[in-house]
Amino acid sequence: MAEPTKEELLARIAELEKKAEGRKRGTLEFRVGEKGGVSVYGLGRFPVTLYYEQWIRLLEAAPELKAFLEEQKSDGKLKLKDK
């Protein structure tokens, strides 16, 4: 395989920089992996990956999760971001 030229490398860098600019901090991005898992990027340092059935179960439990979080928040047990 031939080594890329300087121009090709600079073009690739420009392409990657443009792609990185398009992603705003705090926005969520979804991707489907090779094995069919759906990953969510933008929640933290690493993506969260679950399969379809797991996402559906999690989404169905959303009201219970929200109630749990609010209860823990009112008890002062959660670590919250300072505004």
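Our structure is the block above this text.
Quick look at the structure, then. Here the residue index of a chain counts from 1 through its sequence in written order. For a predicted model such as this one, the threshold for reporting local features is a pLDDT of at least 70, and the threshold for listing and counting side-chain atom pairs is 80 or more; totals across whole chains, interfaces and linings nevertheless cover every residue. Values reported for side chains reflect all heavy atoms of the structure, with hydrogen atoms and water molecules removed beforehand.

A closer look at the pairing of strand β2 (residues 38-41)
Basically, it comes down to this: Paired strands, in this sense, are two strands between which DSSP finds at least two bridges. Only DSSP runs of H or I reaching four residues or more are called helices, and only runs of E reaching two or more are called strands; each is numbered from the N terminus.
Strand direction decides the pairing type here: strand β1 (residues 29-32) and β2, joined by four bridges, are antiparallel. Across the sheet, F30 pairs through a bridge with V40, a residue of β2.

Observations regarding the pattern of salt bridges
Just so we agree on the cut-off: A pair is scored as a salt bridge if a Lys or Arg side-chain nitrogen falls within 4 Å of a carboxyl oxygen belonging to Asp or Glu. Here the term buried applies to any residue with accessible area under 20% of the maximum for its type, exposed to any over 50%, and partly exposed to those in between, with areas from a 1.4 Å probe on protein chains only.
On inspection of all chains with the given rule, the structure shows two salt bridges. Of the charged contacts in the structure, one is a salt bridge between R12 and E15, with a shortest N-O distance of 2.9 Å. With a gap of three residues between them, R12 and E15 both fall in helix α1 (residues 6-22), about one helical turn apart. Judged by relative accessible area, E15 falls into the partly exposed class, the value being 46%. The salt bridge partner of R31 is E29, with a shortest N-O separation of 2.8 Å. Accessibility expressed as a relative area gives 23% for E29, which makes it partly exposed.

Quick word on the sheet that holds strand β3 (residues 48-50)
Backbone-to-backbone hydrogen bonds join strands into a sheet, with any given pair of strands oriented parallel or antiparallel. Note the cut-off: Convention adopted: a line fitted to C-alpha atoms gives each axis, helices being fitted over their contacting stretch, and angles between N-to-C directions are expressed from 0 to 180 degrees. Working rule for contacts: check all heavy atoms of both residues, and any pair within 4.5 Å makes them a contact.
The three strands are arranged β1-β2-β3 in an open sheet whose pairing can be described as antiparallel. Each of the sheet's edge strands pairs with one partner strand only, and the pair in question is β1 and β3. Each strand of the sheet is rotated relative to its neighbour by a mean of 20 degrees, with strand direction disregarded. Against the sheet, helix α2 (residues 52-60) touches β2 and β3, its axis set at about 105 degrees to β3.

With respect to a nonpolar patch on the surface
Here is the rule we go by: Exposure above 30% relative accessible area and the absence of a salt bridge qualify a residue for a patch, where like charges join within 9 Å and nonpolar side chains (Val, Leu, Ile, Met, Phe, Trp, Tyr) within 5 Å. For every accessible area listed, the method is Shrake-Rupley and the probe measures 1.4 Å; residues are considered covered only by the protein chains on display.
A grouping of L58, L65, F68, L69, L78 and L80 is seen on the molecular surface, where their side chains present a nonpolar patch of about 510 Å² in accessible area. Broken down by element, the nonpolar patch gets its largest block of residues, three residues, from helix α3 (residues 62-74). Structurally, F68 can be placed in helix α3. Its relative accessible area of 47% is what places F68 among the partly exposed residues.

Describing the packing of aromatic side chains
Our working definition: By convention, a stacked pair of Phe, Tyr or Trp rings (six-membered ring in the case of Trp) has centres within 6.5 Å and planes under 30 degrees apart, an edge-to-face pair has planes over 60 apart, and any other such pair is tilted. For a Lys NZ or an Arg CZ to count as sitting over a ring, it must be within 6 Å of the ring centre and within 35 degrees of the ring normal.
Counted by the stated rule, this structure contains zero aromatic pairs. The positively charged end of R31 is found above the aromatic ring belonging to Y41, 4.0 Å away from the centroid.

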